[in-house]
Amino acid sequence: MEEQQQQRIFNIEKIYVKDLSLEISDATLVFMEPEAPKIDMQMHIDDKNVKESMYEVVLTVTITVTTKDKTLFLIEVQQAGVFQIINIAEEDMLPILNIVCPNVIVPYMRETISDIVTRAGFPPVILSPVNFEALFNESKQKAMANGSDQPVNTTKRLCACQYHRNFIDNEI
C-alpha cells in the first residue's frame, strides 16, 4: 500500500490555446511587400499550482515579422497545459515545470502558429525545436550569479532570421 502512495505520477490532463492574437498592419499592402522580411521570435514560460497536484504551464510565443521599418504582422500565442504531478520531490519540480511540460506543449504550439499564419494568407512559420534544458540551465546559472538559487522565467529571444516568402505569384 505504501508503495502505491509513493508512486510518482505525471499526467497530461489538458492541452489548450489560452490566448491568441494576430495583428496585420495594412493588410492589403502587406502582401505586395517585395522585401524579404525578418522574424523575431520570443518565448516565455509561466507556471502555477492551480490546485493540489495540478499545475498549469503556459508557453507564450511572440513572433514579429518586419521589413526595414514596418511590421508586417505580429502573432502572440499562449499554449497551455494542465498537468497532474504527484509524489515528485520539491527539487525536481522546477525542471519538470520548465523542461518536461514545455516539451509536451511545443508540438501543439508549433501547429497553432503554423495554422494561424497560413490562414492569415502567409507562408507557414515553423517553430524550430527548443532546448528547454539548456534554457533552464542558463537561467539557473544567471540566478546563481545574482545570488539566488531559483531560476527566473525570462523572455528569451530565440530567433532573428530571414523569412522567405512569395506573397504574390507573378507568373499568372
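By convention here, each chain's residues receive numbers from 1 onward along its written sequence. With pLDDT at 70 or above as the cut-off, local features in this predicted model cover only qualifying residues; side-chain atom pairs require 80 or more to be listed or tallied, and sums for whole chains, interfaces and linings still use all residues. With hydrogens and water excluded, all non-hydrogen atoms of the structure serve as input to the side-chain values.

**Describing a nonpolar patch on the surface**
Put simply, the rule reads: Only residues above 30% relative accessible area that lack a salt bridge enter a patch, with like-charged residues linked at up to 9 Å and the nonpolar side chains Val, Leu, Ile, Met, Phe, Trp and Tyr linked at up to 5 Å. Using the Shrake-Rupley algorithm and a 1.4 Å probe, accessible areas are obtained, with residue cover drawn only from the displayed protein chains. Each salt bridge in this description consists of a side-chain nitrogen of Lys or Arg and a carboxyl oxygen of Asp or Glu lying within 4 Å of one another. What counts as a helix is a DSSP run of H or I of at least four residues, what counts as a strand is a run of E of at least two, and both are numbered from the N terminus.
A surface patch of nonpolar side chains, amounting to about 230 Å² of accessible area, comprises Phe 10, Ile 12 and Val 100. Secondary-structure assignment places Ile 12 in strand β1 (residues 9-24).

**Details of the nonpolar core**
The nonpolar side chains of a soluble globular protein tend to be buried with one another. The condition is simple: Note on terminology: a nonpolar core comprises buried Ala, Val, Leu, Ile, Met, Phe, Trp, Tyr and Cys residues joined through side-chain atoms within 4.5 Å. Burial classes follow relative accessibility: with a 1.4 Å probe on protein chains only, a residue under 20% of its type's maximum area counts as buried, one over 50% as exposed, and anything between as partly exposed. The contact criterion used throughout is that any non-hydrogen atoms of two residues lie within 4.5 Å.
Formed by 38 residues in total, the largest nonpolar core has its most connected members in Leu 59, Ile 63, Phe 83, Ile 85, Ile 113, Val 125 and Phe 132. In terms of residue count, the dominant contributor to this core is helix α3 (residues 90-119) (12 residues). When near neighbours in sequence (up to four residues on either side) are disregarded, Phe 132 contacts Met 43, Ile 45, Leu 59, Asn 98, Ile 99, Pro 102, Asn 103 and Val 106.

**Some points on the packing of α3 against helix α4 (residues 132-145)**
Threshold: Lines fitted to the C-alpha atoms define the axes, with helices restricted to the stretch that makes contact. Angles between their N-to-C directions range from 0 to 180 degrees. Throughout, the term roughly parallel applies to angles under 35 degrees, roughly antiparallel to angles over 145, roughly perpendicular to angles from 65 to 115, and oblique to all others. Should the near helix be turned counterclockwise from the far one by less than a right angle, the crossing is left-handed, whereas a clockwise turn marks it as right-handed.
Where α3 contacts α4, the two axes come as close as 9 Å, and the packing angle between them is 150°. Taken together, the axis directions place α3 and α4 in an arrangement best described as roughly antiparallel. Once α3 is placed against α4, the crossing between them reads as right-handed. Within the contact between the two elements, α3 uses Leu 94, Pro 95, Asn 98, Ile 99, Pro 102, Asn 103 and Val 106 and α4 uses Phe 132, Glu 133 and Phe 136.

**Considerations on the environment of Met 93**
Within the secondary structure, Met 93 sits in helix α3. Apart from residues lying up to four places away in sequence, Met 93 is in contact with Tyr 55, Ile 85 and Ile 88.

**Section: the packing of aromatic side chains**
Worth spelling out the cut-off: In summary, the pairing rule links any two rings of Phe, Tyr or Trp, Trp by its six-membered ring, whose centres are within 6.5 Å, and it sorts them by plane angle into stacked for under 30 degrees, edge-to-face for over 60 and tilted for everything else.
Taken as a whole and assessed by the stated rule, the structure comprises two aromatic pairs. A centroid spacing of 5.5 Å and a plane angle of 20° characterise the contact between Phe 10 and Phe 83, whose relative ring orientation is stacked. One end of the pair, Phe 10, is in strand β1; the other, Phe 83, is in strand β4 (residues 71-86), with 73 residues separating them in the sequence. In this structure Phe 10 comes out as partly exposed when scored by relative accessible area, which is 32%. For Phe 83, a relative accessible area of 0% gives the class buried.

**Topic: the confidence of the model for the protein**
The line we're drawing: By definition, pLDDT measures how confident the predictor is in each residue, and it falls between 0 and 100.
Of all residues in the protein, 83% have pLDDT values of 70 or greater, and the mean over the chain is 84. In the model of the protein, strand β5 (residues 156-162) stands out as the element of lowest mean pLDDT, 47, in contrast to β1, which has the highest, 97.

**Things to note about α3**
Stated precisely, the cut-off is as follows: Helix span, expected: 1.5 Å multiplied by one less than the number of residues in the helix.
Counted at 1.5 Å a residue, the expected span for α3 with its 30 residues is 44 Å, and the 43 Å between its end C-alpha atoms agrees. Positive backbone phi, at 100°, marks Gly 121, one or two positions downstream of α3.

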